[in-house]
Amino acid sequence: SESFIPTWRDRALCREVDPEIFYPARGGDPRPGKAVCGQCSVRTPCLDYAMDANERYGIFGGLSVKERDALRRQRLAPVVHLPTPTVPDKDNRRAA
């Protein structure tokens with residue numbers, strides 16, 4: 001007999017509530033959906049899925065579309081490496 005191996009979706013807390021709370025109307029309140037996500041043990045893989053699939057609607061992993069877009073921009077932003085300041089060793093210091 002085949003054994004069932006649950007995926008992150010099978011363990012998602014959102015399966016236990018009305019899915020409409022994850023799709024608030026424009027200007028609607030996203031807090032109920034985000035509250036469920038905040039208690040969910042699979043929030044990270046859910047967010048990863050939404051980011052990879054470029055989900056354009058709904059709350060996934062606790063973030064709205066706008067928040068996921070901002071996160072995507074942040075992840076794509078170039079990293080600025082500042083030079084490491086050097087401290088002269090004692091032999092190269094000037095006498096005061």
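Provided above is the structure to which this section pertains.
One structure accompanies this document, and this report is about it.

What to know about unusual backbone geometry
Part 1 of the argument: The phi angle at asparagine 54 is positive, at roughly 55 degrees, despite the residue not being glycine.
Part 2 of the argument: Considering the arrangement of structural elements, one finds asparagine 54 in the loop between helix H3 (43-53) and helix H4 (65-76).
Part 3 of the argument: On the accessibility criterion, asparagine 54 (37% relative accessible area) is partly exposed.

Re the layout of surface pockets
Part 1 of the argument: Size it by volume and the largest pocket reaches roughly 470 Å³.
Part 2 of the argument: Taken together, 15 residues form the lining of the largest pocket, with Pro24, Arg26, Gly27, Val65 and Lys66 sitting closest to its centre.
Part 3 of the argument: Considered class by class, the residues forming the lining of the largest pocket number 8 nonpolar, 4 polar and 3 charged.
Part 4 of the argument: Roughly 330 Å³ of volume is contained in the second largest pocket.
Part 5 of the argument: In terms of lining residues, the second largest pocket is bounded by 20 residues, among which Cys14, Phe22, Cys46, Ile59 and Phe60 are the most central.
Part 6 of the argument: Of all the elements in the fold, those that place two or more residues in the lining of the second largest pocket are helix H1 (8-11), helix H2 (31-38) and H3.
Part 7 of the argument: Top contributing element to the lining of the second largest pocket by residue count: H3, with 3 residues.

Comments concerning the packing of H3 against H4
Part 1 of the argument: Between H3 and H4, the shortest axis-to-axis distance is 11 Å and the interhelical angle comes to 75 degrees. Accordingly, the angle class assigned to the pair H3 and H4 is roughly perpendicular. Note on element contacts: H4 touches H3 through Arg68, Leu71, Arg72 and Arg75, opposite Leu47, Ala50 and Met51.

Quick notes on the packing of aromatic side chains
Part 1 of the argument: Tallying each qualifying case throughout the model produces 2 aromatic pairs.
Part 2 of the argument: A centroid spacing of 6.0 Å and a plane angle of 45 degrees characterise the contact between tryptophan 8 and tyrosine 49, whose relative ring orientation is tilted. Of this pair, tryptophan 8 sits in helix H1 while tyrosine 49 sits in helix H3, and the two are 41 residues apart along the sequence.
Part 3 of the argument: Tryptophan 8 sits in the partly exposed class, given a relative accessible area of 21%.
Part 4 of the argument: Accessibility expressed as a relative area gives 26% for tyrosine 49, which makes it partly exposed.
Part 5 of the argument: Here tyrosine 49 and phenylalanine 60 contribute two aromatic rings whose centre-to-centre distance is 6.0 Å and whose plane-to-plane angle is 50 degrees, an arrangement assigned as tilted. Residue tyrosine 49 is located in helix H3, and its partner phenylalanine 60 is located in the loop between H3 and H4; the two are separated by 11 residues in the primary sequence.
Part 6 of the argument: Ring pairing ties together the aromatic residues Trp8, Tyr49 and Phe60, which thus form one cluster.
Part 7 of the argument: Just above the ring of tyrosine 49 sits the side chain of arginine 9; from NZ or CZ to the centre is 4.5 Å.

Parameters and conventions
Residues numbered from 1 in each chain as written. Predicted model: local features only at pLDDT ≥ 70, side-chain atom pairs only at ≥ 80, totals over all residues. Heavy atoms only, no water. Helix = DSSP H or I, 4+ residues; strand = E, 2+ residues; numbered from the N terminus. Buried < 20%, exposed > 50% of the residue type's maximum accessible area, 1.4 Å probe, protein only. 1 Å grid on protein atoms, 1.4 Å probe; cavity = no way out; pocket = protein on both sides within 12 Å on 5 of 7 lines; lining within 4 Å. Points joined across faces, edges and corners; volume = space filled by probe spheres on them. Nonpolar A, V, L, I, M, F, W, Y, C, P; charged D, E, K, R; others polar. Axes fitted to C-alpha atoms, helices over the stretch in contact; angles between N-to-C directions. Parallel < 35°, antiparallel > 145°, perpendicular 65-115°, else oblique. Contact = heavy atoms within 4.5 Å. Phe/Tyr/Trp six-rings, centres within 6.5 Å; stacked < 30°, edge-to-face > 60°. Lys NZ or Arg CZ within 6 Å of the ring centre and 35° of its normal.

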